[in-house]
Amino acid sequence: MPPVPALSRSHDVVSVNDVRTSRAAVALTFDDGPHPTHTPMLLDILARYNVKATFYVIGQNVRRYPEILHRMVAEGHEVGNHTWTHPTLSRLGNGSFLREIDRTQEIVWRTVGALPATMRPPYGAITSRQSHMLHDQRNIPTIIWSVDPQDWRRPGSSVVADRMVRGAQPGSVILAHDIHGPTIRAIPAAIEGIASRGLGFVTMSQLLGWRQWGPRGLRVVSAPTSSFQRG
Ligand code: ZN
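Being a predicted model, the structure only gives us computed values, none of them experimental.

Per the secondary structure count, the chain includes eight helices and nine strands. Computed over C-alpha atoms, the radius of gyration of the chain comes to 17 Å, within 12% of the 17 Å expected from 2.2 N^0.38 for 231 residues, which places it in the range of a compact globule. Burial analysis of the chain (231 residues in total) assigns 53% to the buried set. For the chain, the proportion of contacts with a sequence separation of at least 24, taken over those separated by at least 6, is 77%. A total accessible area of about 10,300 Å² is found for the chain, and carbon and sulfur atoms account for 49% of it.

This is the structure:
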């Protein structure tokens, strides 16, 4: 197996909640997947609206559902790092902290041939020192959020959609979780409402003004044994 490469890009971004941009666009982000049934349903919805999103995946879930990760990437979505076991990172020492990140970088690389370019800490819990360490040692910015519909409290689909629409501004980073059925059912109304406010949808890398995230020079093939080949 070839070694996992390091991210070669160098960015000044250490940690962001939203992005100051003149672009009328937001980033829809979904944490905690892939989930075996909810994530594919969400991918169907996003495809119907031609909306690209960013998925902050848990490494252990990637190991269980690699085919869902293949589909995400094949359909133009971005994959970000949401740690290996979803711990409260701010309580971890340096070694454990980096191990949580590195294991997920590695499994995403092994699964789809591309490295997550950003990391979202579970619960938004990360110390400033840890964000700087991640930036300095791994070249990975920490992405928090600016719109939180609190969907994990299960307030109901219409409330979730309404909170997402009302919070959306140019440069917003919108948080949701693709492991809850009501969240998935909220997404059509959320997309339509946000679009009706004149805002488009981009991935996290695009919102940051970077080139589109994804495997370079790779194309998806349908052969059952090999998911990606050099194109
Ligand atoms: Zn999470």
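A word on helix H7 (residues 181-196). A rise of 1.5 Å per residue sets the reference length of H7, with its 16 residues, at 22 Å; its end C-alpha atoms lie 24 Å apart and thus fit the reference within 8%. At isoleucine 187, H7 shows its largest kink, close to 35°, and the proline proline 188 lies no more than four residues downstream. If you check which residues of H7 are buried, you get Gly181, Pro182, Thr183, Ile184, Ala186, Ile187, Pro188, Ala190, Ile191, Gly193 and Ile194. Trailing H7 by a residue or two, glycine 198 shows a phi angle of about 85°, which is positive.

This next bit is on unusual backbone geometry. Each neighbour pair has its own omega, and for glycine 33 with proline 34 the value is -5°, a cis peptide bond. Assignment of secondary structure puts proline 34 in the loop between strand S2 (25-31) and helix H1 (38-49). A positive phi is found at aspartate 32, a non-glycine position, where the angle reads about 90°. Residue placement: aspartate 32 occurs in the loop between S2 and H1. Assessed through its relative accessible area of 12%, aspartate 32 is described here as buried.

Another aspect to go through is the packing of helix H6 (residues 157-167) against H7. One way to put it is that H6 packs onto H7 with a least axis distance of 8 Å and a crossing angle of 35°. Classified by chirality, the crossing of H7 by H6 is right-handed. Residues Ser157, Val160, Ala161, Met164 and Val165 of H6 touch H7, and the partners they reach there are Pro182, Arg185, Ala186, Ile187, Ala189, Ala190, Gly193 and Ile194.

Counting residues in each nonpolar core, the largest one holds 53 residues, and the members touching the most others are Leu28, Phe55 and Met204. A per-element tally of this core places H7 first, with six residues.

Among the structural elements, arginine 120 can be located in the loop between helix H4 (94-112) and helix H5 (128-138). Overall, the relative accessible area of 0% leaves arginine 120 in the buried class. Engagement of the side chain of arginine 120 in a polar contact is seen with the backbone oxygen of isoleucine 144, the distance being 2.6 Å. Excluding residues that lie within four positions of it along the chain, arginine 120 makes contacts with Thr29, Asp31, Tyr56, Asn81, His82, Ile143, Ile144, Trp145, Val173 and Leu175.

So, about the coordination of the zinc ion. Surrounding the zinc ion are the protein donor atoms Asp32 (OD), His82 (NE2) and His86 (NE2), which sit 2.0 to 2.1 Å from the metal. Counting gaps between the donor residues of the zinc ion yields the pattern D-x49-H-x3-H. Of the two residues, aspartate 32 sits in the loop between S2 and H1 while histidine 82 sits in the loop between strand S4 (78-81) and H4, which places them 50 residues apart along the sequence. The same class applies to aspartate 32 as to histidine 82, namely buried.

A separate point is the pairing of S2. Counting buried positions along S2 yields seven of seven residues, so the element is predominantly enclosed. Burial of S2 is two-sided: the residues Ala25, Ala27, Thr29 and Asp31 facing one way and the residues Val26, Leu28 and Phe30 facing the other way are all buried. The sheet contact formed by S2 and strand S7 (residues 200-202) spans three bridges and is parallel. Along S7, the bridge assignment pairs valine 26 with phenylalanine 201. For S2 and strand S6 (residues 173-177), the ladder comprises five bridges, and the chain directions are parallel. By the bridge assignment for S6, leucine 28 is matched with isoleucine 174. Bridge count for S2 against strand S3 (residues 54-57) is three bridges, and the pairing is parallel. Paired with phenylalanine 30 across the two strands is phenylalanine 55, which belongs to S3. On the question of chirality, the crossover connecting S2 to the parallel S3 by way of H1 is right-handed.

Thresholds, definitions, all that
- Residues numbered from 1 in each chain as written.
- Predicted model: local features only at pLDDT ≥ 70, side-chain atom pairs only at ≥ 80, totals over all residues.
- Heavy atoms only, no water.
- Helix = DSSP H or I, 4+ residues; strand = E, 2+ residues; numbered from the N terminus.
- Rg over C-alpha atoms; globule rule 2.2 N^0.38 Å.
- Buried < 20%, exposed > 50% of the residue type's maximum accessible area, 1.4 Å probe, protein only.
- Contact = heavy atoms within 4.5 Å.
- Areas by Shrake-Rupley, 256 points an atom, 1.4 Å probe, with all protein chains shown as cover.
- Expected span 1.5 Å × (residues − 1).
- Bend = angle between axes of the 7 residues up to and from the residue.
- Axes fitted to C-alpha atoms, helices over the stretch in contact; angles between N-to-C directions.
- Left-handed = near helix turned anticlockwise from the far one by under 90°.
- Core = buried A, V, L, I, M, F, W, Y, C linked by side-chain atoms within 4.5 Å.
- Polar contact = N/O pair within 3.5 Å; in protein donor to acceptor, adjacent residues only side chain to side chain.
- Donors = N, O, S within 2.8 Å, 3.2 Å for Na, K, Ca; no water.
- Pairing = 2+ DSSP bridges.
- Right-handed = clockwise from strand over helix to strand, strands pointing away.

Bear in mind that shape data such as this cannot, by itself, settle questions of function.
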